[in-house]
Amino acid sequence: MKKKNLLLTGLSFLAITVSAQIPRLGKSPLNQVIKAMTLDEKIDLLVGSQGNVSTQATATIGNSAKLVAGAAGQINGIPRLGIPPTVVADGPAGLRIDATRPGSSQKFYCTHFPVATVMSSTWNSQLVYDVGEAMGNEVLHYGVDILLAPATNIQRNPLDGRNFEYYSEDPLLAGTICAAMIKGVQSNGVGTSLKHFVLNNQETNRTSNNVIGSPRTFREIYLKPFEIAVETAQPWTVMTSYNKINGTMASERSDLLTNILRREWGFKGMVMTDWFGGQHATLQMEAGNDLLMPGKISQREEIKKAVLNGRLSMDIIDRNVRHILELILRTPRFKGYIADNHPDLKVHAVLTRQAAQEGMVLLKNVKNALPLNQRIRKLAVFGRTSYDFIAGGTGSGNVNHAYVVSLIDGLKNAGFDIDPSIQSDYTKYISTTTVKQPFSDIPLAAFLPKHLIPEMTINAPDLHEAARNNDAALITIGKTSGEFADRSIKDNFDLSPQEEKMISDVCKVFHKLGKKVIVVLNVCGVIETPSWIDGPDAVLVAWLPGQEGGNSVTDILTGKESPSGRLPMSWPKSYADVPNKDDFPNPDEISDEQILESLKGFDNQRTEGKRKNFDYTKYNDGIYVGYRYYTTKNIPVAFPFGYGLSYTTFKYSQLTVVKDNQGNLEVKVKVTNKGKRSGKEVVEVYVAAPGKDMGKPSRELRGFAKTKKLAPDESETVSVNIPYSSLASFNDKENQWQVEAGQYIVEVARNAADMRPLSKKVTELASVTEKVTPSLLPEQKMICSY
């Protein structure tokens with residue numbers, strides 16, 4: 001018996017000794033934890049938790065997390081080393097998780113905030129921070145560690161199906177607003193994933209499309225918002241894009257992920273792929289793409305084989321594992337946080353209503369048709385989306401919300417009487433027509449953007465009766481988009497014939513009786529306006545404003561709030577005016593079947609393809625994107641970048657521009673509310689460079705600010721700082737950022753096309769602000785370590 005006890009005691013002592021020798025994350029140095037990991041355990045970290053799946057898919061909407069139902073995915077845990085799993089979830093307009101869970105009667109709804117384009121239309125960094133803070137709070141309460149957002153790809157072309165998830169055509173505005181969102185979310189101790197890095201500027205064949213362009217084009221326009229966001233806000237993670245860049249997959253470019261992201265910008269976080277992104281796991285590991293999501297068997301097998309046969313260095317593996325472990329150390333789950341699943345959705349609903357208000361843009365307001373006066377109480381409301389309001393886009397950017405306030409609901413909440421006969425007709429039409437929509441049994445088809453039902457035909461007698469019985473007419477035009485496909489020209493960018501006829505007929509009948517017609521644009525992005533905009537008395541862009549959309553629109557229509565949104569992109573007169581129209585897919589020539597076929601994928605067997613704007617897209621427009629093209633080439637637009645009306649008027653005065661010894665500029669201007677209503681004003685500061693060392697746009701946004709709400713006759717002096725380095729352009733030949741010597745014109749303008757700005761001239765000295773390693777050249781695969 002004694003011998004048995006001694007043996008048990010010895011074994012217990014041995015177990016305790018061995019346990020004490022096993023490193024634990026957070027208690028032992030990282031080097032020791034990494035050294036203690038087997039190769040299989042390292043691969044567990046490098047390949048997401050779905051790594052036991054065999055698939056040839058090249059993209060998907062993530063939904064593989066087990067710890068939080070409906071979350072996009074997980075990083076595997078290694079319990080013996082004290083490494084917990086990490087949960088990641090979409091998305092850019094609010095957390096996307098399942099609203100129901102097996103065995104629970106609780107609803108796990110999330111707030112559907114306004115889409116990114118609404119956020120940038122506010123031009124209000126503090127408000128965007130507040131929205132991010134609320135969004136991150138829900139991420140924390142629901143037990144998610146990383147929010148797979150925000151996205152700051154440039155709105156290069158108005159047809160891009162995911163423009164609603166992006167901020168602007170201008171890199172400064174996009175980067176600044178994105179940074180505010182990151183800071184807000186991460187203030188909760190949860191992480192973000194800045195995406196899609198980089199040049200994911202079309203949805204058509206995005207998993208194989210090869211973007212061809214110059215380093216200057218890439219650096220000045222498309223990388224710049226990411227640079228601003230990384231240097232200003234340090235997101236915990238960056239997500240690589242699906243596409244190729246000059247022949248090489250973004251997730252396989254070490255010059256992008258190591259030289260630029262880490263060495264030049266100082267990124268300190270982890271890099272992950274988009275879901276099933278990239279082709280070669282070994283090349284991704286070498287490039288610095290630390291984590292492959294959501295993970296598949298072929299990636300595990302490739303990495304293990306490459307290590308064992310000496311093709312892939314263990315130093316590379318350990319480097320990437322370290323980045324993942326450094327991330328895990330920061331997560332709520334590692335720190336022992338227990339999710340309570342009870343965020344304050346009511347408080348967040350108030351915020352989303354406010355944010356949507358401030359992002360709405362008033363395009364037209366003849367004879368003060370808005371705000372609606374007190375005598376207008378009875379409204380005839382037309383347009384299918386007045387009754388079925390669009391809160392957001394489709395795909396990973398969608399949110400499982402508890403409700404959406406339609407325009408009808410918002411108007412009724414404000415005490416308006418809605419014509420019951422028209423409402424009844426629309427309700428029946430939407431119900432009967434929706435069920436007749438074609439349905440595809442192909443699984444991936446569910447991810448494609450929704451095809452909205454056509455507009456209802458309005459009979460002439462009903463329209464005349466509506467004009468007699470109501471005080472004014474309201475028309476909503478709805479357009480949506482989403483992942484995997486770009487927007488149609490003929491019925492998404494352009495209005496359909498039914499929509500144009502509806503606007504024309506309503507305006508004609510109501511105007512004949514001296515009654516106003518207001519158009520609300522519940523749209524995902526830019527649409528054509530010149531063919532119909534002369535008809536209505538006022539036009540308000542509501543975008544995709546989130547779940548409180550109907551209330552937010554009504555707040556603007558009634559004058560509860562004065563519109564203060566400004567366009568974050570140019571609105572051309574027609575698609576024919578878009579500078580890169582010949583270097584972007586024509587969605588009307590590409591079927592849903594072709595899109596679905598491109599998503600099936602064949603991993604390493606993908607063909608290079610020679611189909612223009614499908615297999616490859618040339619960025620022949622260079623740096624002349626959006627207003628940089630229209631203003632430089634003197635092309636008139638329907639509405640310029642930065643445009644937006646208010647219910648009051650503002651006067652600018654006392655402009656000063658002070659240059660310090662380093663060439664940095666401080667711009668100050670006095671803004672005075674000269675109208676009769678309170679309101680906020682956006683101050684936009686552009687700079688015109690000499691343009692003698694290389695071609696440059698006629699003016700570029702170099703700073704902006706938004707005033708507080710100013711009462712009538714109240715003033716505020718706004719200050720905008722312009723760093724000397726922000727005046728630099730990229731010299732392709734010398735691989736350097738340089739500021740040219742000469743006279744610069746600083747302009748405080750109402751929008752990018754304002755021909756009467758306040759301006760001052762300053763002289764700057766020439767300087768090279770940064771010398772960089774040649775990067776993003778054709779077919780470059782440089783293997784770097786640091």
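Cut-offs used in this document
- Residues numbered from 1 in each chain as written.
- Predicted model: local features only at pLDDT ≥ 70, side-chain atom pairs only at ≥ 80, totals over all residues.
- Heavy atoms only, no water.
- Helix = DSSP H or I, 4+ residues; strand = E, 2+ residues; numbered from the N terminus.
- Rg over C-alpha atoms; globule rule 2.2 N^0.38 Å.
- Contact = heavy atoms within 4.5 Å.
- Areas by Shrake-Rupley, 256 points an atom, 1.4 Å probe, with all protein chains shown as cover.
- Lys, Arg positive; Asp, Glu negative; His and termini not counted.
- Charge placed at Lys NZ, Arg CZ, Asp CG, Glu CD.
- Pairing = 2+ DSSP bridges.
- Buried < 20%, exposed > 50% of the residue type's maximum accessible area, 1.4 Å probe, protein only.
- Expected span 1.5 Å × (residues − 1).
- Polar contact = N/O pair within 3.5 Å; in protein donor to acceptor, adjacent residues only side chain to side chain.
- Axes fitted to C-alpha atoms, helices over the stretch in contact; angles between N-to-C directions.
- Left-handed = near helix turned anticlockwise from the far one by under 90°.
- Nonpolar A, V, L, I, M, F, W, Y, C, P; charged D, E, K, R; others polar.
- Phe/Tyr/Trp six-rings, centres within 6.5 Å; stacked < 30°, edge-to-face > 60°.
- Salt bridge = Lys/Arg side-chain N within 4 Å of Asp/Glu carboxyl O.
- Core = buried A, V, L, I, M, F, W, Y, C linked by side-chain atoms within 4.5 Å.
- Parallel < 35°, antiparallel > 145°, perpendicular 65-115°, else oblique.

Along the chain, the regular secondary structure elements total 22 helices and 26 strands. Taken against the 2.2 N^0.38 rule, which gives 28 Å for 786 residues, the C-alpha radius of gyration of the chain at 27 Å falls within 12% of a compact globule. Projected onto the principal axes, the alpha-carbon positions of the chain cover approximately 105 × 65 × 55 Å. Considering only contacts in the chain between residues 6 or more positions apart, those separated by 24 or more positions represent 79%. For the chain, the computed accessible surface area is about 29900 Å², with 51% contributed by carbon and sulfur atoms. A gap of 3 Å separates the mean positions of the 90 positive and 83 negative side-chain charges of the chain.

Attention now moves to the pairing of strand β17 (residues 650–659). Successive residues of a regular strand alternate their side chains across the two faces of the sheet. Strand direction decides the pairing type here: β17 and strand β18 (residues 665–673), joined by eight bridges, are antiparallel. When the bridges of β18 are listed, Val657 appears paired with Val667. Hairpin connection, β17 to β18: the antiparallel pair is bridged by five residues, and Gly663 has positive phi, about 90°.

The subject of this paragraph is the side chain of Thr480. With respect to the secondary-structure elements, Thr480 resides in the loop between β13 (472–478) and α18 (489–493). Each residue touching Thr480, except ones within four places of it in the same chain, is listed here: Ile390, Gly392, Gly393, Lys450, Leu452, Asn492 and Cys524.

With four of five residues buried, strand β11 (residues 378–382) is to be regarded as a mostly interior element. In this structure, β11 lies alongside strand β12 (residues 417–418), joined through two bridges in parallel fashion. Bridged to Lys378 within β12 is Asp417.

Over its 17 residues, helix α5 (residues 125–141) runs 24 Å from end to end, which matches the ideal 24 Å to within 8%, given 1.5 Å per residue. Across the 17 residues of α5, 12 count as buried, placing the element largely inside the fold. Leu127, Val128, Val131, Gly132, Ala134, Met135, Gly136, Asn137, Glu138, Val139, Leu140 and His141 are the residues of α5 that are buried. Those residues of α5 that are buried are in contact with α4 (116–122), β3 (146–147), α6 (171–186) and α13 (345–359). The backbone nitrogen of Gln126 has a side-chain oxygen 3.2 Å away, supplied by the residue at the start of α5, namely Asn124. One or two steps after α5, the chain reaches Gly143, where phi turns positive at roughly 80°.

Here Asp40 is to be found in helix α3 (residues 39–46). In this structure Asp40 comes out as partly exposed when scored by relative accessible area, which is 36%. Note: C-alpha distance between Asp40 and Glu764 (724 residues apart in sequence) is 57 Å. Setting aside anything within four residues of it in sequence, one finds Asp40 in contact with Arg300 and Lys304. Engagement of the side chain of Asp40 in a polar contact is seen with the side chain of Lys304, the distance being 3.0 Å.

Take the packing of α5 against α6 next. Running from N to C, α5 and α6 point in directions that differ by 35°, and their axes come no closer than 6 Å. Crossing handedness for the pair α5 and α6: right-handed. Residues Ser125, Val128, Tyr129, Val131, Gly132, Glu133, Met135 and Gly136 of α5 lie in contact with α6, whose contacting residues are Thr176, Ile177, Ala180, Met181, Lys183, Gly184 and Val185. Looking at the contact of α5 with α6 residue by residue, the class counts come to eight nonpolar, five polar and two charged.

So, on to the side chain of Asn200. Tracing the chain through its elements places Asn200 in the loop between β4 (191–197) and β5 (210–212). Within polar-contact distance, the side chain of Asn200 engages the backbone oxygen of Gln202 at 3.4 Å. There is a polar contact of 3.4 Å between the side chain of Asn200 and the side chain of Glu203. If we ignore the near neighbours within four places in the chain, the residues touching Asn200 are Asn153, Asp160, Tyr166, Arg206, Ser241, Tyr242 and Asn243.

So, about the packing of aromatic side chains. Think of a pair of aromatic rings as described by two things: how far the centres are apart, and how the planes are tilted against each other in angle. One pass over the structure, following the stated rule, counts 16 aromatic pairs. Relative to Phe641, the ring of Trp123 lies with its centre 5.5 Å away and its plane at 55°, an arrangement referred to as tilted. Residue Trp123 is located in the loop between α4 and α5, and its partner Phe641 is located in the loop between α22 (627–632) and β17; the two are separated by 518 residues in the primary sequence. Assigned by exposure class, Trp123 and Phe641 land together as buried.

Taken across its nine residues, helix α20 (residues 549–557) has nine buried, putting it largely inside the fold. Three or more residues of α20 are buried, namely Gly549, Gly550, Asn551, Ser552, Val553, Thr554, Asp555, Ile556 and Leu557.

Take the pattern of salt bridges next. On inspection of all chains with the given rule, the structure shows 35 salt bridges. A salt bridge links Glu358 to Lys680; the nearest nitrogen and oxygen atoms lie 3.0 Å apart. Of this pair, Glu358 sits in helix α13 while Lys680 sits in the loop between β18 and β19 (682–688), placing them 322 residues apart in sequence. Pair check on accessibility: Glu358 and Lys680 agree, each one buried. Between Lys479 and Glu499 there is a salt bridge whose closest N-O contact spans 2.7 Å. Of the two residues, Lys479 is situated in the loop between β13 and α18 and Glu499 in helix α19 (residues 497–512); the sequence distance between them amounts to 20 residues. Each member of the pair, Lys479 as well as Glu499, carries the same accessibility label: buried. Within this structure, Arg162, Glu165, Glu203, Arg206 and Glu483 form a network of salt bridges that share partners.

The next point concerns the nonpolar core. Looking at soluble globular proteins, one finds that nonpolar side chains tend to be buried together. If you look at the biggest cluster of nonpolar residues, it comprises 156 residues, and the most contacted ones within it are Ile97, Leu363, Phe382, Val506, Phe510, Leu521 and Trp571. Looking at this core element by element, the count peaks at nine residues for α6. What Phe510 contacts, discounting residues up to four positions off in sequence, is Ala380, Phe382, Leu463, Ala466, Ala467, Ala472, Ala473, Lys515, Lys516 and Val517. Grouped together as the second largest cluster of nonpolar side chains are 40 residues, Leu25, Ile83, Val321 and Leu325 included.

This brings us to the sheet that holds strand β20 (residues 700–706). Judged by pairing direction, the sheet is antiparallel, and its four strands sit side by side in the order β20-β19-β24-β25 without closing on themselves. Where the open sheet ends on each side, the last strands, each with one partner, are β20 and β25 (758–764). Ignoring which end each strand starts from, the neighbouring axes of this sheet average 20° apart. With five bridges connecting them, β19 and strand β24 (residues 742–749) associate as antiparallel partners. Looking at β24, one finds that Glu684 is bridged to Ala749.

What follows concerns the packing of α3 against helix α11 (residues 297–308). Where α3 meets α11, the closest approach of the two axes is 10 Å, and the angle between their N-to-C directions is 135°. What the angle tells us is that α3 and α11 run oblique. Between α3 and α11 lies a crossing of right-handed hand. Residues Leu39, Asp40, Ile43 and Asp44 of α3 lie in contact with α11, whose contacting residues are Arg300, Ile303, Lys304, Val307 and Leu308. Class assignment of the residues belonging to the contact of α3 with α11 gives a composition of five nonpolar, no polar and four charged.

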